[in-house]
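Geometric and topological summary
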Amino acid sequence: MGAQVQTRGRLLQSAVVLGIAALTFSTLAAQGRGAAPGAPAGQAPTTPAPPATGKSGAPFDLTGTWVSVITEDWRWRMVTPPKGDYASVPINMDAKKAADAWDPAKDEAAGDACKGYGAPGVMRQPTRLRVSWQDDNTMKVEADAGTQTRLLHFGDWKAPGGAATLQGETTASWETGARGRGGAPAGPPPPPPMFGNLKTVTKNLRPGYLRKNGVPYSDKTTVTEYWDLLRQPNGDQWVVITTIVDDPTYLARTWITSLNFKKEPNGSKWDASPCSAR
Amino acid sequence: MLRTLAAAFTLAWVAVTAPAFAQGQVQEAQARLQGTAIDLSGTWANRLHEDWIERAPGPHIGDYTGLPINDEARAVADAYQVSMQNMPERQCILYTTQYIVMGPQNLRIEQELDPISGAVVAFHMSGTVDRATHDVWMDGRPHPSPNAPHSAGGFSTGKWEGRMLTVTTTHLKSGLVWRNGVPHSDQATMVEHYARHENMLTVTMILTDPVYWEEPFIRSATFELDANTRVLPEPCEPQVEIPRSPGEVPHYLPGENPYLAEFPKLYNLSSEAARGGAKTTYPEYGKALRSTYKAPDKCTVYCCGGTTLTVMNNSQAVCRTDDPPPATPPANPPAAVPPPRK
């Protein structure tokens, strides 16, 4: 009998839980697919909704100044490590040979002092990032270390595919995980989702260094990044960027790291500095 | 009569428990219906592509770089002698749950489901070596009283923020953050975020400790889903490894640790930089440091750690200097075909 009571209790509780959840979800879903605000109930809007832009579809606001807090790999990031220090990077023998030949004076003489500041390298530097919207579909990410600028292109942007550059060409999209609701709704665009992450893919990179001590990446490198916003109970905001570097020339396997940037109240500590090869 | 009583009891039970437990289940169920709650269960491989030295062989004595610790923490770490870990009474002390991010282990995550509603009641996370099981309750239960006992695993509750699982942990025992004695206290609390991207899981931990840390301490590590990953908790059986006099505890008195100077000397770092602190984690510190810093001419220790280029030479791990040798011929090559007899 006791088991029956317990089972019925669990059933009842589960039914209550699922009922509340289903009711809440159906309400939320209805809000998402319903008529435009202000439109008469039941009247089907006639104007198709414009597609969301990178800016309007953002689930969170990345704009502002973010500082890299170097609590990981400090000795490899805060200072330039000694030649031949490749620990943690899954390089192959070709990469080792290239890194063993690293000569910063040679890079300086060749005007290549920025080889450690390409897209896979600059994000690991001690730096501040200044994020803004250049236009509705282009996010600009500036780094004060080396005074670099990355452009993240949303929408149906097609990479021009010209000569390889230090920051390469980056496509961007928001990953919100929202379920499809049967085609594009009519009316004004729906409000942006509250949660999600940014995914960026960077290609067409000029060869450079993963580490400033000459650990190389090649022009065949692809960098995939996932940007997650973390809100803390004390009000702090962090962006953690999971970074996957794939280089068939110099890496034995993909190199996976994650970088931590903290939101700053303003840009008063921004301190643009030139590249340094040493 | 009995049925009526049972029904009344059930309704009363639901009414009493709903505000706490059912609320968590409602949120969990909503997240599943909205497609934001994701399945984190499986075995996850730790690739150690950052902080390989600290996570794999262990940090150098006196290396506190990048750690926003205060003088109290330095005093504790300076007194640490690794030999204290092999005292029988200490051998089976568990690492606290923050070691999921700090440690070298792989990770296993299991879901505990409500057998009727299917809602996730809890995630149970565990690693390979003596680390506390990390139980994350998803059913909305409250954290216990501040006076409740602390444990290595602490008490953790989770909630979905979109497709990210956010976990709050309290009631931790004091423990080691790094295996060179850097501590956290039993006042430490922890917020973790589990973000899955395809077959990768990035775990970010933010540790707040008013006793030993100047600022919240953030670390993140990315794991890869890998069904072939070994996650085998090892039972611990204490044994006498080094005979000691009763009451003897390996340690260094203040100012007497002879090894603290080795780490900064090895990498030409100033002793100030080696001893950490919040200010050393920001870019402006690096800019000031680089104006005077000169790296050693070449790497001498752990240079190929975490790569496939490591070979052993006289019991020392060193970098291979040439391409791998060609595949060796089989031990028993097929016998040559004898020439035909004439």
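Please read these numbers as outputs of a predicted model, since none were measured by experiment. (Residues numbered from 1 in each chain as written. Chains lettered and ligands numbered in written order. Predicted model: local features only at pLDDT ≥ 70, side-chain atom pairs only at ≥ 80, totals over all residues.)

Bringing the overall build of chain A into the picture now. Check the secondary structure of chain A and you find 5 helices and 11 strands. By residue count, 42% of the 278 residues in chain A fall in the buried class. The long-range fraction of contacts in chain A, counting pairs at least 24 apart against all pairs at least 6 apart in sequence, stands at 66%. (Helix = DSSP H or I, 4+ residues; strand = E, 2+ residues; numbered from the N terminus. Buried ≥ 20, exposed ≤ 12 C-beta atoms within 10 Å, placed from the backbone. Contact = placed C-beta atoms within 7 Å.)

Across its full length, chain B holds 7 helices and 13 strands. For chain B, the proportion of its 342 residues judged to be buried stands at 41%. Pairs at least 24 apart in sequence give 63% of the contacts found in chain B among residues at least 6 apart.

All names here are of chain B. Strand order around the closed barrel formed by 9 strands is β1-β2-β3-β4-β5-β6-β9-β10-β11, with mixed pairing between neighbours. The mean angle between the axes of side-by-side strands here comes to 30°, regardless of whether they run parallel or antiparallel. In terms of strand pairing, strand β3 (residues 120-126) meets strand β4 (residues 134-137) through 4 bridges, oriented antiparallel. From the neighbouring strand, Met125 faces β4, where its bridge partner is His134. (Pairing = 2+ DSSP bridges. Axes fitted to C-alpha atoms, helices over the stretch in contact; angles between N-to-C directions.)

Glancing now at the pairing of strand β6 (residues 197-203) of chain A. With 7 bridges joining them, strand β5 (residues 169-175) of chain A and β6(A) adopt antiparallel strand pairing. For Trp174(A), the partnering residue across the bridge sits in β6(A) and is Leu198(A).

Further remarks concern helix α3 (residues 71-78) of chain B. Since one α-helical turn is 3.6 residues long, residues separated by three or four positions face the same way. All of the buried residues along α3(B) are Ala73(B), Arg74(B), Ala77(B) and Asp78(B). Taken down its axis, α3(B) places every buried residue within 130° of arc, on the same side. (Arc of directions from axis to C-beta.)

So, about the confidence of the model for chain B. All names here are of chain B. Within chain B, residue pLDDT values average 85, and 83% of them lie at 70 or more. Contacts for the low-pLDDT stretch residues 6-17, under 50 throughout, to residues beyond four places or in other chains number 10 contacts. Within the model, the stretch residues 336-342 combines pLDDT values under 50 with 0 contacts to residues more than four positions away or in other chains. Model confidence for the complex: the whole-complex pTM is 0.85, and ipTM, which rates the interface, is 0.86. (pLDDT = per-residue confidence, 0-100.)

Residues and elements named next belong to chain A. Although it is not a glycine, Asp73 adopts a positive phi angle of roughly 50°. One can find Asp73 in the loop between β1 (64-68) and α2 (74-77). Positive phi outside glycine occurs at Ser88, with the angle close to 85°. Looking at where Ser88 falls in the secondary structure, it is placed in the loop between α2 and α3 (93-100).

Once that is clear, we can look at the sheet that holds strand β9 (residues 222-231) of chain A. Pairing within the closed barrel is mixed, and its 9 strands lie in the order β1-β2-β3-β4-β5-β6-β9-β10-β11 (chain A). Across this sheet, the average inter-strand angle for adjacent strands is 30°, counted without regard to direction.

Here we come to the confidence of the model for chain A. Residue and element names in this part refer to chain A. Summing up the model confidence of chain A, the mean pLDDT is 85 and the portion of residues at 70 or higher is 77%. Every residue in residues 20-44 is under pLDDT 50, and counting partners more than four places away or in other chains gives 24 contacts. Predicted confidence for residues 179-183 stays below pLDDT 50, and this span has 3 contacts to residues more than four positions away or in other chains.

Residue and element names in this part refer to chain B. Sheet analysis places strand β2 (residues 107-113) next to β3, joined by 6 bridges and oriented antiparallel. The partner of Glu112 across the bridge, within β3, is Ala122. A loop of 6 residues connects β2 with β3, the two strands running antiparallel in sequence, and Gly118 in this loop sits at a positive phi of about 80°.

Another point: the environment of Ala261(B). Mapped onto the elements of the fold, Ala261(B) is located in the loop between β11 (217-225) and α5 (262-266). For Ala261(B) and Glu224(B), which are 37 residues apart along the polypeptide, the C-alpha to C-alpha distance reads 37 Å.

Position of Pro264(B) relative to the elements: it lies in helix α5. Along the backbone, Pro264(B) and Asp63(B) are 201 residues apart, and their C-alpha atoms lie at a distance of 7.7 Å.

A separate point is the environment of Glu108(A). All names here are of chain A. Inspection of the secondary structure puts Glu108 in helix α4 (residues 104-109). C-alpha separation for the pair Glu108 and Cys275, spaced 167 residues apart in sequence, amounts to 9.9 Å. Here Glu108 is in contact with Ala113 and Ala277, once residues within four sequence places are set aside.

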